[in-house]
Amino acid sequence: MKKIILAAAAVLALSPAVRAAEVGPELMQVPWSFDGAFGKFDRLQLQRGLQVYREVCASCHSLNYVAFRNLSDLGYSEGQIKAIANEYEYPEIDDEGSDTTRKGKPSDYFPNPYPNEKFARASNNGALPPDLSLVTKSRHRDGPNYIYSLLLGYEDPPAGMEVLEGMSYNKFFSSGSFQIAMVKQIEPDKVTYADGTAATQEQIAQDITAFLHWAAEPKLEARHGAGLRVMLYTLIFTVLAYLLKKRIWARLDQK
Amino acid sequence: MANSASAQPSPAPAGADGETRRDFLLYSTVAFGAVGTAMMVWPLIDSMNPAADTLALSTTEFNLSGVQEGQGVVIIWRGKPVFVRYRTQKEIDDARAVALADLIDPAKDEDRVQKDQDKYLILVGVCTHLGCIPLGSKAMETRGEYGGWFCPCHGSHYDTSGRIRKGPAPANLEVPPYTFISDTTVRIG
Amino acid sequence: MSTEKSVLQRAFEWHEQRLPIGGFIDGVIGTKYPAPKNLNYWWNFGSLNGLMLVIMIASGIFLAMNYTPHKDFAFDSVERIMRDVNYGWVMRYMHANGASFFFIVVYIHIFRGMYYGSYKNPREVLWWIGILIFLAMMATAFMGYVLPWGQMSFWGATVITNLFSAIPVVGDSIVTFLWGGFSVENPTLNRFFSLHYLLPFVIFGLVVFHVWALHLPGSNNPLGIEATPADKIPFHPYYTAKDFFGVGVFMLIYFAVVFWAPNMLGDPLNYEKANPLVTPAHIVPEWYFLPFYAILRAIPDKLLGVIAMFGSILILFALPWLDTSRIRSAVFRPIYKWFLWLFVIDCAVLTWCGAQLPEGLPLILSRVGTFWYFLHFLILLPIIGWVETPKPLPASISEAVLKGRG
């Protein structure tokens, strides 16, 4: 039995190692509040991250899978969510058949900054700003730390490296041979936080990353909570089943 | 494992401590397993209930300013038709003049509309008989013998309060939950 | 205690006389199925496979209720399951990780069969059906991975279906036929969904035959010798109790991954929607296909690579005859035992190679690994069987148990 558990554990432990090694320097590590088996999101941090998304990222990046109603996860009330949604406009066709706009509703999703992909590319030097709803899960196994590092990974290129027109050097952007189409966005005091938190680069990068990780994995807290309960339950069942098995097999020893 | 060469399982002595403890173990293990299985099945069942995006669309807002007196419109709410009618004073008076005892499903008109907005009658447009959609909302459609709606499937007649007056339908047209956000905007659901 | 039968008992007996379901179950996994008393925990993996099949079918049916097999909506519908459907994330993570755990359990089950010689006379057909189940599982897993329509789904499907273009003359026509078009497109996704729903029930049918074929000779055991009736104990309650304990331990590991590290075994790129114009730098299948993928890429010739890859699985059908030893259990085969562990290491090396870019050391290792894989089956196994002097077999299971070897 021990052997089997060891074998299974070894397989599980090795499987990520089986993946091709990631190139590029080691990522900066942030002690995220949502790390670990009991991790939770920090609501105030998510609210600050939302502010960063709306004031900095949203002019180029969509957030297709997040609806305003989802912002209740961040601790906003129904009225606050309505107010946020109301700041956006959505196309509509009126009773006479003409194009018009209406105000956003909680059931609406964050609007796309560009009408279509070609327009987005034309506005960004040919590069398409990716949708951010899943970006902390789709780019790297260690997604949040990767996004955090990437946001702060802008440097002068190493000597002799030719950086293409309109591109920036980023030491963590291994997938694009360290040249990224996005220019550095995070600067100290780029936003003025509504809750008065000092807006250092690191603070802004952490807040937006945490917000984006919530956007990518909104059920994380439910998952962690359910996980603990399910594991405890299964553990008790397993102990009972072991005792029962021992009891039953003890019959074979009796003459 | 077994130290004994005997392959024949000997039953545990009845009434001995071992037996009761095993019974307790057996029942608690089986109970734990059964409850655990049920808890694993529940998420599957619950996934068939309306999802969060469906629930988010379970209310709809409608602007009444375009509806003329005497006119009716049909809007969609939760995938079902909802009848909105701007009633004339005569229609309101007719509805209120009927004695409750004469009704199949007695209900006062005052209870089926909102006090300050009683000219607007808002109903789920599904016949309570077998789920057809009654006629009477569009100008050229028949409104039945009582000036309300008429269900063509099996001939149910509803009056200007949406109450069943004649035909096989057992109950009045349902009034959906709604509130007036302003004088001209109503939120249904 | 009253001697009179209760209403429930009488109803049960009435039904048993007309359709003996209770008796049938009792015969298959109950008190009427005698099993060798010395089965160890490696024998738990058969029932665990059954459990995984049930979990996969159950979660899959409910996922299908919210999934849309269309290239424009598939990815979105999966995200809707993850975000909006009640407990959708549980079902999706259980299903996606369930595939991995199903393969872990199946690989251990296959290894157990190889270690204790469960494929040998008289269990060859049982072994064959097992391989058929394995093949059907691979097809199901491959098509299931395409359904979320992420980048890896799309490019995995493109690469694997293109394998068939290696077939001379008709290859291209076959690929077009598989696609239902001229590339992996909406018709491909739609048919993969249909087949992904169908195949698990084919697997279920094969499992019925697998269990049927098991019950004629009965279970093998760690000693590999025939179990006399005196060496057997009823499956229920002994092995049912043991299986329940095994299920508990297994579920602890499975749930830990599902709830605490659900994306550990998957590829991040599959959280990006399929884009037919952008090929990922590094296309990798899920881990359970990596050894076969390494064999495919180890051989420089396209057709030979495809043949080697399929051959590496099909060769298992001949295993009962390639292994010339009449001794079943590796416990009594001093040479074979070591070569079997070498074979396991070889598979691990191939798995690692399958995840690397096919160049440099990984390429050399995958060629050595592929060579060794076939050497093991085609040359080593027959020779070992002839030259090896097995240890003396115990006269009976009870004797071995007395000596403390059970």
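Residues numbered from 1 in each chain as written. Chains lettered and ligands numbered in written order. Predicted model: local features only at pLDDT ≥ 70, side-chain atom pairs only at ≥ 80, totals over all residues. Heavy atoms only, no water.

A. Expanded view of helix α6 (residues 143-152) of chain A. All names here are of chain A. Taken across its 10 residues, α6 has 10 buried, putting it largely inside the fold. Residues Gly143, Pro144, Asn145, Tyr146, Ile147, Tyr148, Ser149, Leu150, Leu151 and Leu152 constitute the buried set of α6. Looking at the packing, one finds that the buried side of α6 touches α5 (135-138), β4 (179-180) and α7 (201-216). (Buried < 20%, exposed > 50% of the residue type's maximum accessible area, 1.4 Å probe, protein only. Helix = DSSP H or I, 4+ residues; strand = E, 2+ residues; numbered from the N terminus. Contact = heavy atoms within 4.5 Å.)

B. Structural detail: the packing of aromatic side chains. All told, the structure shown has 62 aromatic pairs over all chains when counted by the stated rule. Seen in terms of ring centroids, A:Tyr53 and A:Phe110 are 5.7 Å apart; in terms of plane orientation they differ by 90 degrees. Their pairing is edge-to-face. Within this pair, whereas A:Tyr53 is found in helix α2 (residues 43-57), its partner A:Phe110 is found in the loop between β2 (99-103) and α4 (117-123), the two being separated by 57 residues in sequence. Among the residues examined, A:Tyr53 registers a relative accessible area of 1% and is labelled buried. Among the residues examined, A:Phe110 registers a relative accessible area of 4% and is labelled buried. Ring geometry for C:Tyr67 versus C:Phe193: centroids 5.1 Å apart, planes at 50 degrees, classification tilted. In this pair, C:Tyr67 sits in the loop between α3 (45-64) and α4 (74-83) while C:Phe193 sits in helix α9 (residues 186-215), placing the two residues 126 residues apart along the sequence. Members of the aromatic cluster, each reached through a chain of ring pairs, are C:Trp42, C:Trp43, C:Phe45, C:Phe111, C:Tyr115, C:Tyr116 and C:Trp341. Between the NZ or CZ atom of A:Arg48 and the centre of the ring of A:Tyr193, over which it lies, the distance is 5.7 Å. (Phe/Tyr/Trp six-rings, centres within 6.5 Å; stacked < 30°, edge-to-face > 60°. Lys NZ or Arg CZ within 6 Å of the ring centre and 35° of its normal.)

C. Summary view of the sheet that holds strand β7 (residues 164-166) of chain B. All names here are of chain B. Taken in spatial order, the three strands line up as β5-β6-β7 in an open sheet, and their pairing is antiparallel. Edge positions in the sheet fall to β5 (147-151) and β7, since each of these pairs with one other strand and no more. Strand after strand, the sheet turns through a mean of 35 degrees between neighbouring axes, direction not considered. When β5 meets strand β6 (residues 156-159), the two strands line up antiparallel, connected through four bridges. Bridge pairing in β6 places Gly147 opposite Asp159. (Pairing = 2+ DSSP bridges. Axes fitted to C-alpha atoms, helices over the stretch in contact; angles between N-to-C directions.)

D. Broad picture of the pattern of salt bridges. Residue and element names in this part refer to chain B. Tallied over the full model, the rule gives 32 salt bridges over all chains. Of the charged contacts, one joins Glu91 and Arg85 as a salt bridge, the two residues approaching to 4.0 Å between their closest N and O atoms. Residue Glu91 is classed as buried on the basis of its relative accessible area, which comes to 12%. In this structure, Arg87 and Asp109 form a salt bridge, with 2.8 Å as the shortest nitrogen-oxygen distance. Remark: Asp109 occurs in the loop between α3 (89-97) and β4 (120-124) and Arg87 occurs in the loop between β3 (80-86) and α3; sequence separation between them is 22 residues. For Arg87, a relative accessible area of 1% translates into the label buried. We classify Asp109 as buried; its relative accessible area is 1%. (Salt bridge = Lys/Arg side-chain N within 4 Å of Asp/Glu carboxyl O.)

E. Layout of the sheet that holds strand β8 (residues 178-180) of chain B. Residue and element names in this part refer to chain B. Strand order in the open sheet formed by three strands is β1-β9-β8, with antiparallel pairing between adjacent strands. Every interior strand has two partners, whereas the edge strands, β1 (60-63) and β8, have only one. For this sheet the average axis-to-axis angle between neighbouring strands, irrespective of direction, equals 20 degrees. Taken together, the three bridges between β8 and strand β9 (residues 185-188) define a ladder with antiparallel strand orientation. Its bridge partner being in β9, Phe180 is matched across the sheet by Val186.

F. Fine view of the state of the cysteines. Across all of its chains, the model carries one disulfide over all chains by this definition. Note that B:Cys132 is cross-linked by a disulfide to B:Cys153, the S-S spacing being 2.0 Å. Across the S-S bond linking B:Cys132 and B:Cys153, the dihedral sits near -100 degrees, which makes this disulfide left-handed. In this pair, B:Cys132 sits in the loop between β4 and β5 while B:Cys153 sits in the loop between β5 and β6, placing the two residues 21 residues apart along the sequence. Of all cysteine sulfurs in the structure, the one in C:Cys353 sits closest to C:Cys347, which takes part in no disulfide; the separation is 12 Å. Of the residues examined, C:Cys347 reaches a relative accessible area of 22% and is grouped as partly exposed. (Disulfide = S-S within 2.5 Å.)

G. Structural detail: the interface of chain A and chain C. Facing 50 residues of chain A, the contacting portion of chain C comprises 54 residues. Between chain A and chain C lies a buried interface of about 4,600 Å² when both sides are counted; carbon and sulfur atoms form 71% of it. At the boundary of chain A and chain C, one finds two salt bridges. One salt bridge in this structure joins C:Asp84 and A:Arg69, with 3.2 Å as the shortest N-O distance. Along the contact surface separating chain A from chain C lie 12 residue pairs in polar contact (both at pLDDT 80 or more). Contributing elements (two or more residues each) for the side of chain A that touches chain C: α1 (2-18), α5, α7 and α8 (220-250) of chain A. At 17 residues, α8(A) tops the list of elements feeding residues into the side of chain A that touches chain C. Tallied by class, residues from the side of chain A that touches chain C come to 31 nonpolar, eight polar and 11 charged. (Buried area = accessible area lost by both parts, 1.4 Å probe. Polar contact = N/O pair within 3.5 Å; in protein donor to acceptor, adjacent residues only side chain to side chain. Nonpolar A, V, L, I, M, F, W, Y, C, P; charged D, E, K, R; others polar.)

H. Region of the structure containing the environment of C:Val387. Residues and elements named next belong to chain C. Its place among the elements puts Val387 in helix α15 (residues 360-387). Of the residues examined, Val387 reaches a relative accessible area of 56% and is grouped as exposed. For the pair Val387 and Ile335, spaced 52 residues apart in the sequence, the C-alpha separation amounts to 9.2 Å.

Remember that the coordinates give geometry; whether it matters functionally is a separate question.
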